[in-house]
Amino acid sequence: MTSRLRWPGVIEAYREFMPVTGQTPVITLREGDTPLLAAPALQERIGLPVPLYLKYEGANPTGSFKDRGMTVAVSKALEERQQAVMCASTGNTAASAAAYAARAGIDCIVVLPIRHIAMGKLAQSVMHGAKVVAIEGNFDDAFRIVVEITGRYPVRLVNSINPHRIEGQKSGAFEICDRLGYAPSYHAIPVGNAGNITAYWKGYKEYREAGRGRRLPKMLGFQAEGAAPIVRGEPVADPRTIATAIKIGNPASWKGAVAARDESGGLIETVTDEEIIEAYKMLASIEGLFVEPASAASVAGVAKLGREGYFVRELQAGVPEDACVVCILTGHGLKDPDCAIQAAEESVSVEADAEAVVELLGLTEPVASHT
Ligand SMILES: *Cc1c(COP(=O)(O)O)cnc(C)c1O
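Calculation criteria
Residues numbered from 1 in each chain as written. Predicted model: local features only at pLDDT ≥ 70, side-chain atom pairs only at ≥ 80, totals over all residues. Heavy atoms only, no water. Near = heavy atom within 4 Å. Polar contact = N/O pair within 3.5 Å; in protein donor to acceptor, adjacent residues only side chain to side chain. Areas by Shrake-Rupley, 256 points an atom, 1.4 Å probe, with all protein chains shown as cover. Nonpolar A, V, L, I, M, F, W, Y, C, P; charged D, E, K, R; others polar. Patch = residues over 30% accessible without salt bridge, like charges linked within 9 Å, V, L, I, M, F, W, Y side chains within 5 Å. Salt bridge = Lys/Arg side-chain N within 4 Å of Asp/Glu carboxyl O. Helix = DSSP H or I, 4+ residues; strand = E, 2+ residues; numbered from the N terminus. Buried < 20%, exposed > 50% of the residue type's maximum accessible area, 1.4 Å probe, protein only. Core = buried A, V, L, I, M, F, W, Y, C linked by side-chain atoms within 4.5 Å. Pairing = 2+ DSSP bridges. Contact = heavy atoms within 4.5 Å. Axes fitted to C-alpha atoms, helices over the stretch in contact; angles between N-to-C directions.

## Description of the site of the ligand
Residues in close proximity to the ligand total 16 residues, the closest being Lys-66, Asn-92, Asn-193, Ala-194 and Thr-330. In this structure, Asn-92 approaches the ligand through a side-chain N or O atom, which is 2.7 Å from an oxygen atom. For the ligand, whose unbound accessible area comes to 380 Å², protein coverage reaches 97%. Here the shell around the ligand is built from residues that sort into six nonpolar, eight polar and two charged.

## Comments concerning a nonpolar patch on the surface
A cluster of nonpolar side chains, contributed by Val-348, Val-350, Val-357, Leu-360, Leu-361 and Leu-363, occupies part of the molecular surface with about 550 Å² of accessible area. In this fold, Val-350 is placed in the loop between α15 (337–343) and α16 (354–361). The partly exposed category is assigned to Val-350, whose relative accessible area is 39%.

## What about the nonpolar core?
Grouped together as the largest cluster of nonpolar side chains are 44 residues, with contacts concentrated most on Leu-42, Leu-52, Leu-54, Leu-220, Phe-311 and Val-325. Membership of the second largest hydrophobic core comes to 32 residues, among which are Phe-17, Val-20, Tyr-182 and Cys-324.

## A word on the sheet that holds strand β5 (residues 131–135)
Read across the sheet, four strands follow the order β5-β4-β3-β6 without closing on themselves; strand pairing throughout is parallel. Looking along the sheet, the strands with just one partner apiece sit at the ends: β5 and β6 (156–157). Sheet topology places strand β3 (residues 84–88) next to strand β4 (residues 107–113); five bridges connect them, and they run parallel. Directly across from Met-86, in β4, lies its bridge partner Ile-109. Where helix α6 (residues 139–152) meets the sheet, its contacts fall on β3, β4, β5 and β6, and the angle it forms with β3 comes to roughly 150°.

Take a look at the structure:
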């Protein structure tokens, strides 16, 4: 077992699977090795008939899974002597690109749909010294702009259509197989631009080919109901959801997501904002995991499938005894504190006095004293 102190980041941990050579300068913040937690209490609450595991990607250095891909994309950009990287982002790609570019000593330009991004993410990009260009538009507009500009100027695009991003992000699948000892039977994941579902599927396939995964999971992807182009089968011009990280109307890796779904015998479905918020609150209050709203879409989706009898039908069809569900929790809740405050019950304040606090809490004096 590699100890936490010695964990070298995903490029060194899985070097044989990564597009690097001895010449590649490895830019890492020691991303990856995130917690995979059994979640029996949440499993019981949502009535899931198979064990539930949660992979907490908020534990990555910039607070989302984007770091797994960015370590590779920025290392390769440096190897290829690029002076700058650029991306469009709903926030987390920008935060990650800005951090890795800072560490690499190159410039970073981020184009953000300013009215649709969570404050924590904007704060990160600014602090890491990225050039932040705010646009009046949505993510799809920002993406169109960076594709055009990086096609004309010597700036490396680090959105997930950059294949190095996918190569790094597939490490999440390797870690799950290494921790469980095998691939899960079901892999649940939020779908926005669809790079991550594409990357996980690639990772599971490569690991099995290397004799290290035993089986392939069914890929269960979830889009927000107001931003569900893949489910609807056509782009959504004006995507709407509280989950800003998956508020995308025309995913770049659309084909990859459909291939993951169809090759694995899985599905891609919608969850409502209400279902997302319910899962968001359950994760925090039952399991101690504070995630951003988009991340809760995986759990919301599994809960919904459970209510619809999906897993019971699957078990009847003969799923193995060691069947389990892994949900990817893609990013940290502190990214979007406004959402948490809005979702929580309003707090009341009292005067700064112990008796007033006791009264508010309704505490009563103990009957018998302790010895
Ligand atoms: C980027 C992101 C997603 C969506 O991932 P895609 O690869 O775009 O499908 C989901 N949740 C969080 C927190 C993200 O940062």
